[in-house]
Amino acid sequence: MSAETPAAAAPPVKLFTRQATGLVRDVGPLSQLVFAILTAPFPWVLAIAIFWTFTAYPGGNLYIAYGLGYLCGLFAAIGIGMLATTMPRSGGDYVLNGRTLHPLIGLISSFWFTVNVLVSIAFITETLIVGALAPSLVAIGAIGHHQTLLNWGTTLESSKSWLFVAGIIALVICCAVVGSGWKLSLRFQNAAFAIGLVGMAVAFVVLLADAGGSFVDHFNSFAQSYTHKPDSYHYLINRATADGINVNPGTNFGNTIPVVGAVMGFSIYTWFGINIAGEVRQARTWKFAAGMIGAVFVNFLGVLIFTLLFVHAFGGKFFTAINSLNGGPHYPFPTPPFYVFLVAIAGNSEAVAWILGISLIAIMLGLLWLNLLQPVRAMFAYAFDGIFPLKVAHVDRRTHVPVVAVGLTLTFAIGLYAWAVYGSSLFKVYVVAVVLALVPMMLMSVSAMILPWRRRQLWESSVMNIRVGSVPLITIAGVFSFAIALFCLIVFLHYPGLGLTHPWDAVKYLAILAAAAIVVYFVASAVRSRQGLSLAKATAEIPPE
Amino acid sequence: MLRRRRSDPSLRLYYASDIHGSDLLWRKFLNAAGFYEVGSLIMGGDLCGKGLAPVVRTNGGWRLPVAGEERHVESEDELEQLEGLVRQSGFYPRRMTVDEFERLSDPAVLEALFEETLVESVRGWMALADERLRDTDVTAYVMPGNDDPWGVDEALSGREKVVACDDRIVRIGDHELLSLGWSNQTPWHTARELDEDDLYARVQTLAEQLENPQSAIFNIHVPPYNSGLDTATELDETLKPVLVGGQPHEIPVGSTAVRQLVEEYQPALALHGHIHESRGIVTIGRTVCINPGSNYGTGRIDGAVVELDANGVRNKHLVNG
């Protein structure tokens, strides 16, 4: 009998496996996708993060900006997702840059990114209270005529003490969830996302049902007690026009570029999922990168569909007018014109206001929880590498809570939140913190570019060992993600209206944090050397030959 | 006054476990001696991989599975490169004819080939250890784990620089090394599993032979129960994760017997593996317990460098090489 056979006629050659114990990771593909979506969930974007550009950059075309911004997000997810797939360990940029470039570069990068996240936590907490909870209470109170809820909402918006207390409660709840382990954490994450989706589904139905144009009637009926006008809808459009706002600006391509920057401010971070790479099932397959890529599509479709619906249901001129008037002297309502408020009016329903308010708060809690994970994971990685004392990674045996890392994260978060509430200068740090995220992203992109040469065996043994011609695909992807981070940085530097008003402050913070990382690294290195093993060796690759 | 320099440790060792067939990691394990400047290497079991990759001869080339895809190569150089990649991932490339490949549908044939391949591989690894450590003072202490077939014991024995240490006590510097590769019962029903009572009795028999339990090193594959070194996802009879509220349910899966033995004998150091995802260092009483974890598929070997003196563990470091 012939020992050979034509390839076409042969049965498929598969891997045979035997019964053996195995690693079971906790985070499944669906949970990983939800995690990536929650890095910048579309309900949060629609409520808080985008429509301010109507005023700042009139004529900036949102649809073009969404398209380009999320395309950039796609390339960022591919580049950094591919890198993380080759070495899926928890610790994020610290591990990816540290293992590819140098441990010290990894630590500097991680200090930048972790501080960015901690500052973001303070602002997400504040936004949760003053951008979601308080306005939702006011909206529900206003629509349902509940003076108590109205009062609670306005108190939260105006009283620093209550703002602080409410924020601390949110922080403690989310930290407790982070510390409770993956089982409860993933339930919390998925519940927050599911509640958020329910809210958006209700909004979708209400807005579609409003296709007949009942919004104007409902709005006029509701607004009369605030504007004292029978046709508040057109009154507000005219008011905005009188204030010099072009409510029908068409497309201004010059102003579209900064709006692309604004979109990139939230669209390019689905790679945040690398921070849980060590816990994701099948993290060494394309499924891991696909989760981050999929999240870009979900969030893109979410903002696109709902922006179209908002403009269709509320009217483009009105939507531009009311968002532009918001915060000014001629804005008549006690709550901002976010979708919770407007959709509830469209539905002419207090119940809709409740559902949308709760769903937005749930999404914001999910976002806060997700951000709190990163510092905990970074500290774990530092401790396991000997940079921080191993006690930092101590897990309580009874409760299984990483008490020290969670406690430190909560302490930093509360401190920064207090600064955000009672101080006036943290906002200056926050607006330049984007640089603290973009530079680590550039470093990870460089790591992706040079991985096939710096970590040849790792790259070859991964599913990412694909070449396009003679060039590794991961190198090309790294070039793209680097270009995107650089483009985003240039846009933020060129348009101070996006927040980066003091670029030299950003350089100062980068330098201070880099210096802090260098000091920590060399102190830790000295301590470890006295204990018999240099820090560099603890993380360096053993040559196999 | 100058601070007096502390005396050198009596023992400096490198420990790793659960490399599951990764040729790359075994080579790194051997080189860890020079890299971390240790005199003893301890491998805590589960040497063998979990997958056999048939490399089937076809007209004008070979077909083999690589990273989930079937690849067809024609040149010997290309084939050797891909076989290297398969080995790095912890799988065993095995060249065969189509007839031999088709016979693998018989479970008995497959099992026999698996064992033959695994043992052959371990034998090759031990030969490499002898070769690399021959002109050094380094000794490698190696034991099989619960996942390793019985033939591995024979492959470990009779080596020049490798001490097969399973189920016995050996001297390592001024310390005694007590080793056992067996585990408590797992959902996989692997080769070397015992009920807790039997596991206790087996280790206790060894421990009673220790001259000085407090300076001893326990090298027991399965970690102590509820130690933080043994947290894993609960599995059902079909090996699927148990979901509670839609999420995987984490439980301690270590051995209650090992926990009791560590508490009773209080050795200086207890080295464990088995639960790949539960990397860490904890103390139980005065005993420092270490599970370095394992991410063998990534090409990096998780391990621990430990220094001991007469008083116990002086320094311990988790390392990732």
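Since the model is a prediction, treat every value here as computed from it, not as a measurement.

Q: How should I be thinking about the overall build of chain B in this particular structure?
A: Along its length, chain B carries seven helices and 22 strands. Here the C-alpha radius of gyration of chain B, 21 Å, is about what a compact globule of 321 residues would show, namely 20 Å. Along the three orthogonal principal directions, the C-alpha set of chain B runs to about 75 × 50 × 35 Å. Sorting the 321 residues of chain B into buried and exposed places 56% on the buried side. Within chain B, contacts between residues separated by at least 24 positions form 67% of all contacts whose residues are at least 6 apart in sequence.

Q: Looking at this model, I keep getting lost on the overall build of chain A. Mind explaining?
A: The helix and strand tally for chain A stands at 22 helices and three strands. Relative to the 2.2 N^0.38 estimate, which gives 24 Å for 545 residues, the radius of gyration of chain A is 25 Å and therefore close to what a compact globule would have. For chain A, the spread of C-alpha atoms along the three principal axes comes to 85 × 65 × 45 Å. In chain A, which comprises 545 residues, the proportion classed as buried is 57%.

Q: Just checking my understanding: could you explain the packing of helix 6 (residues 103–144) of chain A against helix 16 (residues 350–384) of chain A for this structure?
A: Two measures define how a pair of helices packs: the angle their axes make with one another and the distance between the axes. All names here are of chain A. Where helix 6 contacts helix 16, the axes come no closer than 9 Å and their chain directions differ by 170 degrees. Taken together, the axes of helix 6 and helix 16 lie roughly antiparallel to each other. Between helix 6 and helix 16 lies a crossing whose hand is left-handed. Split by residue class, the contact of helix 6 with helix 16 holds 20 nonpolar, nine polar and one charged.

Q: Help me understand the sheet that holds strand 9 (residues 168–172) of chain B in this model?
A: All names here are of chain B. Read from one edge to the other, the open sheet built from six strands follows the order 9-10-13-18-20-19, with strand pairing classed as mixed. Only two strands of the sheet have a single neighbouring strand rather than two, namely strand 9 and strand 19 (280–284). Here the average twist between neighbouring strands, direction ignored, is 20 degrees. Bridge count for strand 18 (residues 269–271) against strand 20 (residues 287–291) is three bridges, and the pairing is parallel.

Q: Hey, could you run me through helix 15 (residues 339–347) of chain A in this one?
A: An α-helix turns once every 3.6 residues. As a result, residues three or four positions apart point the same way. Residue and element names in this part refer to chain A. Burial analysis of helix 15 places nine of its nine residues in the buried class, the great majority of the element. Within helix 15, burial applies to Tyr339, Val340, Phe341, Leu342, Val343, Ala344, Ile345, Ala346 and Gly347. Its buried side turned inward, helix 15 meets helix 2 (42–49), helix 6, helix 9 (182–209), helix 10 (214–227), helix 13 (286–314) and helix 16. Downstream of helix 15 by one or two residues, Asn348 has phi in the positive range, about 50 degrees.

Q: Help me understand the pairing of strand 20 of chain B in this model?
A: One face of the sheet, then the other: side chains in a regular strand alternate in exactly this way. Residues and elements named next belong to chain B. Of all five residues in strand 20, five are buried, a share of seventy percent or more. When strand 19 meets strand 20, the two strands line up antiparallel, connected through five bridges. Paired with Ile281 across the two strands is Ile290, which belongs to strand 20. Taking the residues that link successive antiparallel strands as the turn, the strand 19-strand 20 hairpin has two residues, and the phi of Gly285 there is positive, at about 65 degrees.

Q: Before we go on, may I ask you to explain the sheet that holds strand 21 (residues 302–309) of chain B in this structure?
A: Paired through backbone hydrogen bonds, the strands of a sheet run either parallel or antiparallel to each other. Residue and element names in this part refer to chain B. The mixed open sheet is built from six strands, whose spatial order is 8-7-2-1-21-22. Edge positions in the sheet fall to strand 8 (162–164) and strand 22 (312–320), since each has one partner strand and no second. Going across the sheet, the axis of each strand differs from the next one's by a mean of 20 degrees, ignoring polarity. Two strands pair when backbone bridges link them, and strand 1 (residues 11–16) and strand 21 are joined in this way by six bridges, in the antiparallel orientation. Within the sheet, the bridge partner assigned to Leu13 lies in strand 21 and is Val306.

Q: Would you mind showing me how to read the environment of Ile169 of chain B here?
A: Residue and element names in this part refer to chain B. Relative to the elements of secondary structure, Ile169 occurs in strand 9. Along the backbone, Ile169 and Phe218 are 49 residues apart, and their C-alpha atoms lie at a distance of 9.4 Å. With sequence-adjacent residues up to four places away left out, Ile169 is seen in contact with Glu176, Leu177, Leu178, Leu206, Gln209 and Leu210.

Q: Sorry, what's going on with the nonpolar core here?
A: A general tendency of soluble globular proteins is for nonpolar side chains to be buried together. Core analysis: the largest hydrophobic core is formed by 304 residues, its most contacted members being Val340, Val343 and Leu368 of chain A. Beyond its immediate stretch of four places on either side in the chain, Val340 of chain A contacts Ala47, Pro135, Ser136, Ala139, Ala353, Leu356, Gly357 and Leu360 of chain A.

Q: Looking at this model, I keep getting lost on the confidence of the model for chain A. Mind explaining?
A: Predicted coordinates in areas of low pLDDT are best not read in detail. Residues and elements named next belong to chain A. On average, residues of chain A carry a pLDDT of 89, and 94% of them reach 70 or more. Strand 1 (residues 16–17) is the least confidently modelled element of chain A, averaging 72 in pLDDT, while strand 3 (residues 471–472) averages 96, the highest of any element. Here residues 1–8 is a poorly scored stretch, pLDDT under 50, and it has 19 contacts once near neighbours within four places are set aside; other chains count.

Q: Where do I start with the confidence of the model for chain B in this structure?
A: Residue and element names in this part refer to chain B. Averaged over every residue, the pLDDT of chain B is 90; residues scoring 70 or more account for 93%. Across residues 1–5, where pLDDT falls below 50, the model places zero contacts with residues more than four positions away in sequence or in other chains. Here the prediction assigns the complex a pTM of 0.81, and the interface score ipTM is 0.88.

Q: What's the story with the packing of helix 1 (residues 29–37) of chain A against helix 9 of chain A in this structure? I'm lost.
A: All names here are of chain A. Axis separation between helix 1 and helix 9 bottoms out at 10 Å; the angle between their running directions is 60 degrees. Helix-helix and strand crossings are classified by hand; for helix 1 and helix 9 the assignment is left-handed. Each of Ser31, Val34, Phe35 and Ile37 in helix 1 lies in contact with helix 9, whose residues at this interface are Leu186, Gln189, Asn190 and Phe193. Counted by class, the contact of helix 1 with helix 9 contains five nonpolar, three polar and no charged residues.

Q: Help me out: how do you make sense of unusual backbone geometry in this one?
A: A negative phi angle characterises most non-glycine residues, just as the trans form characterises most peptide bonds. Phi is positive for Asn348 of chain A, which is not a glycine, with a value near 50 degrees. Among the structural elements, Asn348 of chain A can be located in the loop between helix 15 and helix 16. Backbone geometry places Asn226 of chain B, a non-glycine residue, at a positive phi of 55 degrees. What makes Asn226 of chain B partly exposed here is the crowd of 17 C-beta atoms within 10 Å.

Q: Explanation requested: the environment of Asp396 of chain A in the structure shown.
A: Residues and elements named next belong to chain A. Looking at the element boundaries, Asp396 is found in the loop between helix 16 and helix 17 (403–422). For Asp396, a count of 13 C-beta atoms within 10 Å gives the class partly exposed. Leave out the neighbours within four places in its chain, and Asp396 touches Val401 and Val403.

Q: Just checking my understanding: could you explain the environment of Ala268 of chain B for this structure?
A: Residues and elements named next belong to chain B. Tracing the backbone through its elements, the reader meets Ala268 in the loop between helix 7 (256–265) and strand 18. Between the C-alpha atoms of Ala268 and Tyr225, which are 43 residues apart in sequence, the distance is 18 Å. Residues in contact with Ala268, not counting those within four places in the same chain, are Gln214, Ser215, Ala216, Ile217, Thr287, Leu308, Gly312 and Val313.

What counts as what
- Residues numbered from 1 in each chain as written.
- Chains lettered and ligands numbered in written order.
- Predicted model: local features only at pLDDT ≥ 70, side-chain atom pairs only at ≥ 80, totals over all residues.
- Helix = DSSP H or I, 4+ residues; strand = E, 2+ residues; numbered from the N terminus.
- Rg over C-alpha atoms; globule rule 2.2 N^0.38 Å.
- Buried ≥ 20, exposed ≤ 12 C-beta atoms within 10 Å, placed from the backbone.
- Contact = placed C-beta atoms within 7 Å.
- Axes fitted to C-alpha atoms, helices over the stretch in contact; angles between N-to-C directions.
- Parallel < 35°, antiparallel > 145°, perpendicular 65-115°, else oblique.
- Left-handed = near helix turned anticlockwise from the far one by under 90°.
- Nonpolar A, V, L, I, M, F, W, Y, C, P; charged D, E, K, R; others polar.
- Pairing = 2+ DSSP bridges.
- Core = buried A, V, L, I, M, F, W, Y, C linked by C-beta atoms within 7 Å.
- pLDDT = per-residue confidence, 0-100.

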